[in-house]
Amino acid sequence: MNPTHYLMLSALLFGIGAVGVLIRRNAIVVFMSIELMLNAVNLSFVTFARMQGNLDGVIIALFVMVVAAAEVVVGLAIIMSIFRSRRSASVDDANLLKY
Amino acid sequence: MTQALQLAAHLGAAGAGSAVPPEATGVTAIAWLVLVLPAAGALVLMLGGRRLNRIAPILGCLTVVAAFVIAVSIFFATIGAGAGDRVHEIPIWSWMPVQALQVEFGMRIDPLSLTFMLLITGVGSLIHIYSIGYMEHDERRQRFFAYMNLFVAAMLLLVMGNSFVTVYAGWEGVGLASYLLIGFWSHKRVAATAAKKSFVMNRVGDFGFVIGIFIMFAEMGTTSFSGVFANIGTVAQQHPGAVTAMTLFLLLGACAKSGQVPLQAWLPDAMEGPTPVSALIHAATMVTAGVYLITRSADIYNLSGTGQLVVSIVGAVTILVGAIGGCGKDDIKRVLAYSTVSQIGYMFLAAGLGTGVYGLAILHLLTHGFFKAGMFLASGSIMHGMNDQVDMRHYGALAKRMPLTFITMACGYLAIIGFPYLSGFFSKDPIIEAAFAAGGTKGWLLGGAATLGAAITAFYMTRLMIMTFFGEARWKNLTSPDGRAYHPHESGLVMTVPMLILSIGSLGAGAFLASGERLVGWLTPSVGEFAEPHPTLLSAGVITWGNVVLMLVGAGIAYVYFGMRPVPVTQPATRNPVVMLSRAGVGGDAINETLVARPGLWLARTSSYLDARGVDGVVDGVGTAILGLSSWWKGWQNGYVRSYALSMLSGTLLVAVALMVVNFS
């Protein structure tokens, strides 16, 4: 098993997530893309932990998951309340906070 | 050793001892009360506000009269003492204890300061009492008396201080009081302007005075009289230039305060103030502060021939400028003001003639204080009875309507023109003799100017008397500018009594003070031994009686011009160069305009241009650039989350690429 393959998969997933954040307007999809990026990074961490032969990367991956879970809770709540007040889940519609 | 002895002898001859004078005892020790009483009166009246209007005149007079009583008792305690025991110091507190700069706040009670204290509080009391009547109908009496008391206090500080810095404090104080009182009727535009003019012109002189004090401190490290006079001899040996600089800068200060050429133009304008102010401040006391300063600094002036020469030239020129200025004016107070300028010129002339004749300057100062204050009060009394009209062309034949005023004015008139055996004769004649005694061309020029000035004085004062008190009653067919007819009447007792007391002074003060060298002998500890001038060019008798003849000629010409012909009620056009010169104020304003106002204006305009185009350009440029940059930059904050994400991604990639380039190259 070659770790390079895992890293390439991770980079691919991260790229898909980044492009998703940039081009999709639906807040839910943007959110899912962010989760994808986070997990792509987790995959890299685990791979590196395996390559180094210690548990540091695995532990960080667990931390990332905790943070991601918290973020989902807060983020989804925000998206819900925006949808309730504006009847839209488009991130481009919520653009009032500007110059 | 010989040199030191000569120096010591010189200082001894110059008067003030080199050692610090003894501390005062007995009644002299409470001399500070003389200063504190009017100051307290000023404070109470200023803080008390209008509710004090009723008691203000009484309070104002009482403080000054009380100060006068104390001054008189100090005088009697001192007069019996020998020449060496007449100088006392009263240390009060350490004012500026800053390493090398040690300024003590203290008082010096010696014959010179006592003489001034008596003049200020004595004439001040009379004028305060007169003001009770003169300001009777004014809404702001409390403020008037507060300012008058402030003036008296500041003037006393000026003459009682024992260091140049203390004198300077009083100097500024009288300047402030003068400003406040000239502009007392500030609703009149001319009064407000005149006040500002006097203040600004006095600043020019204050600047000179301050520089003089700085030089003293730089050269001797002290500013107290005893310290400066003890060390000035050493400075004169090491840096004679510094002594001359001191004398010239002090003279600049004295010129501004005393209305001497080239800073005389403010004094005639100062007549916009109430008449008691003109009498007290702009005739009897404040304007003589310059003479006081020079006489007080006798030990400095004695060591600089140049300084003394400049002082006497300023005096001689001012005698003529003031006298000519008085010839063509129709405003009675302005004529008197120009006459003041001219008479102070005599005092400067005497002070500049140096060792031995300082006493004559003070003698003329005292007699002038009496007769000029009397004449100003008389002119105030005329204005009081003539709807505040000051134009003499509206007067005429007032002698019968205002007999007491006429007597006062006549006494002052006879005194000022030097009528034999009246005050002015005894004080002016020795000055003219002393001027001739200077010898050579200098003697001829100074003496000639003084003699000519005396003749012109007789001319313009006779003109004033004839236009005011004799001739036709021109006021019968005229009305004052506010449309009221004139009903000339004599003023009340509260005004006439002080006038009459002053007129006794105009008649007798000269004889009293001059006989047996009473005054000049008394002043010896302050200004040095009096030396009778011995004119070599002409004999004293020729000068004295020649002056009397010239005085009669001047008066006769005035009688021919104004007594034998009717006086026009409006100012006639003239081609007479002297009258034109006089109406133009003898170029006083032109000098100001050319020397100070125009260059100042030019400087201000250039600075303003540089400020608007240079400094403001840079400041505004920076502001505009930042504004433009930020309005372009704020466009990035567009509210679209995805564009923020893109910039974050780009930034991250940039950092990553940079790291890679650094790590792998």
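### Quick notes on the overall build of chain B
- In terms of helices and strands, chain B carries 26 helices and two strands.
- Referenced to the eigenvectors of the C-alpha coordinate spread, the extents of chain B come out at roughly 115 × 80 × 55 Å.
- Partitioning the contacts of chain B with sequence separation of at least 6, the portion at a separation of at least 24 is 82%.
- For chain B, the exposed surface amounts to about 27100 Å²; the carbon and sulfur share of it is 69%.

### What about the overall build of chain A?
- Within chain A one finds three helices and zero strands.
- For chain A, the succession of helices and strands along the chain, N to C, is α-α-α.
- At 16 Å, chain A has a C-alpha radius of gyration far larger than the 13 Å of a compact globule built from 99 residues.
- Expressed as lengths along the three principal axes of its C-alpha atoms, the size of chain A is roughly 50 × 25 × 25 Å.
- For chain A, the residues scored as buried account for 27% of the 99 residues in total.
- Roughly 6700 Å² of accessible area belongs to chain A as shown, and the carbon and sulfur atoms make up 72% of that amount.

### Looking at the interface of chain B and chain A
- The partner chain A presents 13 residues to the 11 residues of chain B that form the contact.
- Together, the buried faces of chain B and chain A total about 1000 Å²; carbon and sulfur atoms form 63% of this surface.
- Close ionic contact of Arg642(B) with Asp92(A) constitutes a salt bridge, the shortest N to O distance being 2.7 Å.
- Per-class residue counts for the side of chain B that touches chain A are five nonpolar, four polar and two charged.

### A short note on a nonpolar patch on the surface
All names here are of chain A.
- A surface patch of nonpolar side chains, amounting to about 650 Å² of accessible area, comprises Val 46, Leu 55, Val 58, Ile 59, Leu 62, Phe 63 and Met 65.
- Relative to the elements of secondary structure, Leu 55 occurs in the loop between helix H2 (27-52) and helix H3 (56-86).
- According to the relative accessible area criterion, Leu 55 is exposed, its value standing at 59%.

### Considering the nonpolar core
- Core analysis: the largest hydrophobic core is formed by 189 residues, its most contacted members being Met117(B), Met160(B), Phe164(B), Ile300(B) and Phe348(B).
- Once residues lying within four places of it in the same chain are set aside, the contact partners of Met117(B) are Val34(B), Ala71(B), Ile74(B), Ile109(B), Gly122(B), Leu156(B), Val159(B) and Met160(B).
- Judged by nonpolar contacts, the second largest core, of five residues, contains Val21(A), Val30(A), Met37(A) and Ala645(B).

### Side note on H3(A)
Residue and element names in this part refer to chain A.
- Spanning 31 residues, H3 covers 44 Å between terminal C-alpha atoms, matching the ideal 45 Å at 1.5 Å per step.
- Packing partners of the buried residues in H3 comprise H2.
- Just downstream of H3, Arg 87 is the residue with a positive phi angle, here 55°.

### Some remarks on the packing of helix H14 (residues 305-327) of chain B against helix H19 (residues 440-469) of chain B
All names here are of chain B.
- Across the interface, H14 lies against H19 with an axial gap of 8 Å and an inter-helix angle of 25°. Here H14 lies roughly parallel to H19, going by the angle between them. Once H14 is placed against H19, the crossing between them reads as left-handed. Contacts from Leu 309, Ser 312, Ile 313, Ala 316, Ile 319, Leu 320, Ala 323, Ile 324, Gly 326 and Cys 327 in H14 reach Lys 442, Leu 446, Ala 449, Ala 450, Leu 452, Gly 453, Ile 456, Phe 459, Tyr 460 and Arg 463 in H19.
- Partitioning the contact of H14 with H19 into residue classes produces 15 nonpolar, three polar and two charged.

### Let's talk about the confidence of the model for chain B
- For chain B, the average pLDDT comes to 88, and 97% of its residues sit at 70 or higher.
- Note on residues 1-18 of chain B: pLDDT under 50 across the span, and 26 contacts to partners over four residues away in sequence or across chains.

### Examining the pattern of salt bridges
All names here are of chain B.
- A full pass over the atoms with the stated rule returns 17 salt bridges over all chains.
- Notably, a salt bridge pairs Glu 593 with Arg 598, separated by 3.9 Å at the nearest N-O pair.
- We classify Arg 598 as exposed; its relative accessible area is 53%.
- Overlapping salt bridges, with partners in common, bring together Lys 188, Lys 197, Asp 269, Glu 272, Asp 331, Arg 334 and Asp 589 in one network.

### Re the pairing of strand E2 (residues 101-109) of chain B
All names here are of chain B.
- Pairing analysis gives nine bridges linking strand E1 (residues 88-98) to E2, with the strands arranged antiparallel. Within the sheet, the bridge partner assigned to Pro 91 lies in E2 and is Gly 106.
- The hairpin formed by E1 and E2 contains two residues between the paired strands, and Gln 99 there has a positive phi angle of roughly 40°.

### Side note on unusual backbone geometry
- Between Val261(B) and Pro262(B) the backbone carries a cis peptide bond, its omega angle lying at 5°.
- Look at Arg87(A): it is not a glycine, yet its phi comes out positive at around 55°.
- When you line up the elements, Arg87(A) lands in the segment after H3.
- You can call Arg87(A) exposed: its relative accessible area is 63%.

### Considerations on the side chain of Ser113(B)
Residues and elements named next belong to chain B.
- Checked against the element boundaries, Ser 113 lands in helix H4 (residues 111-134).
- Exposure remark for Ser 113: the relative accessible area of 0% places this residue in the buried category.
- Excluding its chain neighbours within four sequence positions, the residues that come into contact with Ser 113 are Arg 108, Val 159 and Arg 296.

### A word on the environment of Tyr421(B)
All names here are of chain B.
- Turning to its location among the elements, Tyr 421 is positioned in the loop between helix H17 (403-416) and helix H18 (423-437).
- Between the C-alpha atom of Tyr 421 and that of Tyr 460, which follows or precedes it by 39 residues, the distance is 21 Å.
- Beyond its immediate stretch of four places on either side in the chain, Tyr 421 contacts Phe 426, Leu 507 and Trp 545.

Here is what the cut-offs are and how they apply
- Residues numbered from 1 in each chain as written.
- Chains lettered and ligands numbered in written order.
- Predicted model: local features only at pLDDT ≥ 70, side-chain atom pairs only at ≥ 80, totals over all residues.
- Heavy atoms only, no water.
- Helix = DSSP H or I, 4+ residues; strand = E, 2+ residues; numbered from the N terminus.
- Contact = heavy atoms within 4.5 Å.
- Areas by Shrake-Rupley, 256 points an atom, 1.4 Å probe, with all protein chains shown as cover.
- Rg over C-alpha atoms; globule rule 2.2 N^0.38 Å.
- Buried < 20%, exposed > 50% of the residue type's maximum accessible area, 1.4 Å probe, protein only.
- Buried area = accessible area lost by both parts, 1.4 Å probe.
- Salt bridge = Lys/Arg side-chain N within 4 Å of Asp/Glu carboxyl O.
- Nonpolar A, V, L, I, M, F, W, Y, C, P; charged D, E, K, R; others polar.
- Patch = residues over 30% accessible without salt bridge, like charges linked within 9 Å, V, L, I, M, F, W, Y side chains within 5 Å.
- Core = buried A, V, L, I, M, F, W, Y, C linked by side-chain atoms within 4.5 Å.
- Expected span 1.5 Å × (residues − 1).
- Axes fitted to C-alpha atoms, helices over the stretch in contact; angles between N-to-C directions.
- Parallel < 35°, antiparallel > 145°, perpendicular 65-115°, else oblique.
- Left-handed = near helix turned anticlockwise from the far one by under 90°.
- pLDDT = per-residue confidence, 0-100.
- Pairing = 2+ DSSP bridges.

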